[in-house]
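Okay, here's what each chain looks like letter by letter:
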Amino acid sequence: MTSVLTKSTLPARRAHMLALAWAPFEARTALFADRLQVPVFFVHFLLYKRPYIAPFKYVLQAFKTWAILLRERPQLVYVLNPPVFAPLCVWLYSLFTGTKLVIDTHPPALYSRKWAWTVPLQRFVIKRAYLNIIDQERFADQFRQWGAQVVTLTNPPRPRPEKIIELERAHSVDKAAEQPKSTVTRTRQDGLFEVAVVNTFAADEPLDIILQAAYALPDAHFSIMGDLSMAPADVHQSTPPNVTFTGYLRGEAYWDALRAANAVMVLTTYPYSVLGGAQDGVTLGKPLLLSDQPALREFFTSGVVFIPNTAGGIVAGVRAVMRDETHLIQAVKWLALQQEAAWQARFGELLRAIEQA
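Quick caveat: nothing in here was measured; it's all calculated off a predicted structure.

Rules used throughout
- Residues numbered from 1 in each chain as written.
- Predicted model: local features only at pLDDT ≥ 70, side-chain atom pairs only at ≥ 80, totals over all residues.
- Heavy atoms only, no water.
- Helix = DSSP H or I, 4+ residues; strand = E, 2+ residues; numbered from the N terminus.
- Buried < 20%, exposed > 50% of the residue type's maximum accessible area, 1.4 Å probe, protein only.
- Contact = heavy atoms within 4.5 Å.
- Areas by Shrake-Rupley, 256 points an atom, 1.4 Å probe, with all protein chains shown as cover.
- Core = buried A, V, L, I, M, F, W, Y, C linked by side-chain atoms within 4.5 Å.
- 1 Å grid on protein atoms, 1.4 Å probe; cavity = no way out; pocket = protein on both sides within 12 Å on 5 of 7 lines; lining within 4 Å.
- Points joined across faces, edges and corners; volume = space filled by probe spheres on them.
- Nonpolar A, V, L, I, M, F, W, Y, C, P; charged D, E, K, R; others polar.

1. Side note on the overall build of the chain
- Broken down by element type, the chain carries 13 helices and 13 strands.
- For the chain, with 357 residues in total, the buried portion stands at 56%.
- Sequence separation of 24 or more characterises 66% of the internal contacts of the chain that already satisfy a separation of 6 or more.
- When the accessible surface of the chain is totalled, it reaches about 15600 Å², and 56% of it is carbon and sulfur.

Here it is, written out as structure tokens:
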């Protein structure tokens, strides 16, 4: 299955470009394509995030990718990594056509257990790209050591939620999973302090400490998001009464859950992951509770309480937001303005490189 946005009035300088990702939908790619004003294609078959079927769906996605490239004949392709096999497919096509690659690499592709075995392949194709995009200077330095051209550029600042919902509805290839118009207006329970936990049950997202902390915070309620089919089998056995598992939320249901919260919590054990869920909290002006990791400290400089990945850290962090919620709201709104200005300056570097291609 494939999703595409076609712009009828592309600027001439970028009419030769398209964006592509192997996923049902990926917000960063969609937002970049929207900013660049180029068509975006999401290519995906079978189930998502199921490693045991990856070899089968990657074959299908490779042939679909080549079909798109042969039909569109782009001179420049913005492609998401991981999986590395997507940019490798574009590179193989480029051997016969001269098409140039702009590879956008998410840092966990370079160090997570899931993708670490592909680093030699990533290095191979990254060196051969016309340009690489990475969201942290530490990895940009690594790319330069490999002999690659690179621009450091974080996730595009989130636009209003309505815009993101529009992009997801237009591009998601997972139509069967689309939710109807949300009827959720508020998830706060009996005046409790509401914490929205943006979560996917991934390996780097600690869950047990949230449940432990909830027992010590009877005046708070935790709405933990994520597809429960990806959760540990025994997750409900230790759920305190002030915790709700919302299931996988998307579109309006997701944004309504964040709006209903006093604070947004996103946790990771990865030191160099810039969390999209935290950026969503910034979009809505919500105080953030984030893992005390170096990349997050560099990117989220105000409106946030950093916490160690421990139950005690979560308890202390929630109490801190309760005490200082009004000030944190103002600080996170200032952060949104600061991040937009900084991003626009770096985005200009990317545009100039594309125009010269």
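Here the narrative resumes.
2. Points about the nonpolar core
- If you look at the biggest cluster of nonpolar residues, it comprises 33 residues, and the most contacted ones within it are Trp22, Val79, Leu101, Val125, Ile134 and Phe143.
- Only strand 2 (17–21), strand 3 (40–43), helix 2 (54–72), strand 4 (76–81), helix 3 (85–97), strand 5 (100–105), helix 5 (119–127) and helix 6 (137–145) provide two or more residues apiece to this core.
- Sorting elements by how many residues they give to this core places helix 3 first, with six residues.
- Beyond its immediate chain neighbours, meaning those up to four positions away, Trp22 contacts Val43, Tyr58, Gln61, Ala62, Thr65, Pro83, Phe85, Ala86 and Cys89.
- Counting 30 residues, the second-largest nonpolar core is a separate cluster that includes Phe193, Val195, Val197 and Leu289.

3. Brief notes about empty space enclosed by the protein
- Counted by the stated rule, this structure contains one cavity of 30 Å³ or more.
- Empty space within the largest cavity amounts to approximately 30 Å³.
- Lining the largest cavity, in full, are Val197, Val198, Asn199, Glu205, Pro206, Ile210, Val266 and Leu267.
- For the lining of the largest cavity, the per-class residue count stands at six nonpolar, one polar and one charged.

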